[in-house]
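So the chains spell out like this:
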Amino acid sequence: MSITERKQQVPKRILTSLLASVSAGVVPRAGAPYMAIGRTDEINAFLSDLELVSEDGGGMRFLVGRYGSGKSFLIQLVRGYALERDFVTADVDLSPERRLYGSGGSGVATYRELMKNLASKASPDGAALPKILARWLTTLQAEVMERGFSPDMPEFSEKLRALVFEKLREVEFFVGGFDFSKVITAYFDAWNESDELAAEQKKSACLRWLRGEFSNKTEARAALGFHVSIIIDDDNWYDFLKLWAALVRLMGYRGMVVFIDECVNLYKIVHRISRENNYEKILSMFNDTLQGRAPGLELILGGTPQFLEDTRRGLFSYEALRSRLCDSRFSAEGYKNLIGPVIRLRRLSDDELLALIVRITNLHAQNYNWEPRITMDQMQQFLQLCLSRAGADSMITPREMLRDYMTVLHILMQNPDATFESVLGSAVTLKTDRRAAEEAEEQIAASTSREPSAVNFKPEDIDF
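Please read all numbers here as calculations on a predicted model, not as lab measurements. (Residues numbered from 1 in each chain as written. Predicted model: local features only at pLDDT ≥ 70, side-chain atom pairs only at ≥ 80, totals over all residues. Heavy atoms only, no water.)

**Let's talk about the sheet that holds strand β2 (residues 88-93)**
Two orientations exist for strands paired in a sheet by backbone hydrogen bonds: parallel and antiparallel. Threshold: If DSSP finds at least two bridges between two strands, the strands pair. Secondary structure is summarised from DSSP: a helix means a run of H or I of at least four residues, a strand means a run of E of at least two, and numbering begins at the N terminus for each. Each axis is a line fitted through C-alpha atoms, taken for helices only over the stretch in contact, and angles between the N-to-C directions span 0 to 180 degrees. Throughout, a contact is declared for two residues whenever any of their heavy atoms are within 4.5 Å.
Pairing is parallel in the open sheet, where five strands are placed in the order β2-β3-β4-β1-β5. Because the sheet does not close on itself, it has two edges, and the strands there are β2 and β5 (342-344). If you compare each strand with its neighbour and ignore which way they point, the axes differ by 15° on average. Pairing of β2 with strand β3 (residues 256-261), which is carried by six bridges, proceeds in the parallel orientation. Each residue of the ladder has a partner; that of Ala 90, found in β3, is Val 258. This element, helix α10 (residues 237-250), spans β2, β3 and β4 (297-303) of the sheet and lies at about 145° to β3. Where helix α12 (residues 272-290) meets the sheet, it contacts β1 (58-64) and β4, and its direction lies at approximately 135° from that of β1.

Okay, here's the thing in structure tokens:
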């Protein structure tokens, strides 16, 4: 096998998960940098945003691309870069149960998922909330000790509590900031409690409130042991994201980056009023971050071109967003502009796709400890086969290409008698026969149908 790329050594746990995700067409949660090819300009645009956020700025980006074009992969890649640079990150995939605005808990469900996936450099896999708070309180302890107080002094706890109050005073002017500070102070009191059982119960109650897990104020009051005037719910969860962005800056982090993927689920909302309420929430986020009302917060939303451009149900159906996000009349085809709020993912070049195939071949060989029976010429032949399909020159996506290529590698590894030519030959024949059968069925259907069938009716087509 002649492969020009130098092999990378990847930890086994990450490599196995990475290849399993690629084979299934799923974006890997860990290990994305090991197979990153291209997207240098897009990554640099996001990194420049991180520098702005670290200087107490804010930002919002819309990452737009077709299914399988690499949106979610790029999000995970940027997430990794943000963690390396000491940002706190949180990510969520929207769904029918998780929206930006909605009654019945669909709004706060998004917040809960974000808190579940809260990550830091020390906890890159999520669930970092307790560790972030513990790190901060430990830092404050060290600060009190630098002032000449040791933990065995009677006044040490008082000085530490006074320092906590002093730090939290800076977030009290935010919406919900008073109760937010109150709960974090209660967490500190529990963290400083000598009775371990009572301390764990109090800390658990405080974490539940911070994660938005209480359904009403009565339940929260009973668990916390003191009065709170609000709880995190469908209406105010975004205000608490801004609070977290301000607090993590006080804790010593450079800022907070929130990734919201699968925004196409907002486009799929059938009822117009509900859909527009979600778009109004996006407008509020956009205005906050770009007008300096959300310092230390970067929002990155991923969606399809339909989610953005559809004038009937997409963001462009909401005039206030369309006027902010549409392309300028001077934006001609062929020019790139990565400074605006919308980043459109271009198709990877042929050379980049080939480099991706080479990278996957090396990773596959390393993970399964075998020597793939495939040459560089055969890799180029596979790419040409993928590009030869109608429309593939502009529409091919890394996901579909890699899933097919992983299948070829799996077959060659498990069948010693199989050759590259025989595997590709059978695949081409199978697809050709299947397409011929489909065309025949379409011709039969066209000749027998005289009027549209009622079976084709879909409730989603109704626009209330």
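**Some thoughts on the side chain of Glu 113**
Considering the arrangement of structural elements, one finds Glu 113 in helix α4 (residues 106-116). Contacts of Glu 113, omitting those with residues within four sequence positions, involve Asp 91, Val 92 and Arg 98.

**Side note on the nonpolar core**
Note the threshold: For our purposes a nonpolar core is just a set of buried Ala, Val, Leu, Ile, Met, Phe, Trp, Tyr and Cys residues, chained together by side-chain atoms within 4.5 Å. Burial status follows relative accessibility: with a 1.4 Å probe on protein chains alone, a residue under 20% of its type maximum counts as buried, one over 50% as exposed, and anything between as partly exposed.
Counting 82 residues, the largest nonpolar core has Phe 62, Phe 180, Trp 209, Met 256 and Ile 282 as its most contacted members. If one sorts the elements of this core by residue count, α10 sits on top with ten residues. Those residues within four positions of Trp 209 in sequence are excluded, and the remaining contacts are Asp 179, Phe 180, Val 183, Phe 214, Ala 220, Leu 224, Val 228, Ile 230, Ile 231, Ile 232 and Phe 240. Formed by 57 residues, the second largest nonpolar core is a distinct cluster that contains Leu 19, Met 376, Tyr 405 and Met 406.

**Some points on unusual backbone geometry**
Of note in this structure, Asp 86 is not a glycine but carries a positive phi near 70°. With respect to the helices and strands, Asp 86 occurs in the loop between α3 (71-84) and β2. Judged by relative accessible area, Asp 86 falls into the partly exposed class, the value being 22%. With a phi angle near 60°, Glu 262 is a residue other than glycine that sits in the positive phi range. If you trace the backbone, Glu 262 turns up in the loop between β3 and α11 (264-267). Judged by its relative accessible area of 29%, Glu 262 is partly exposed.

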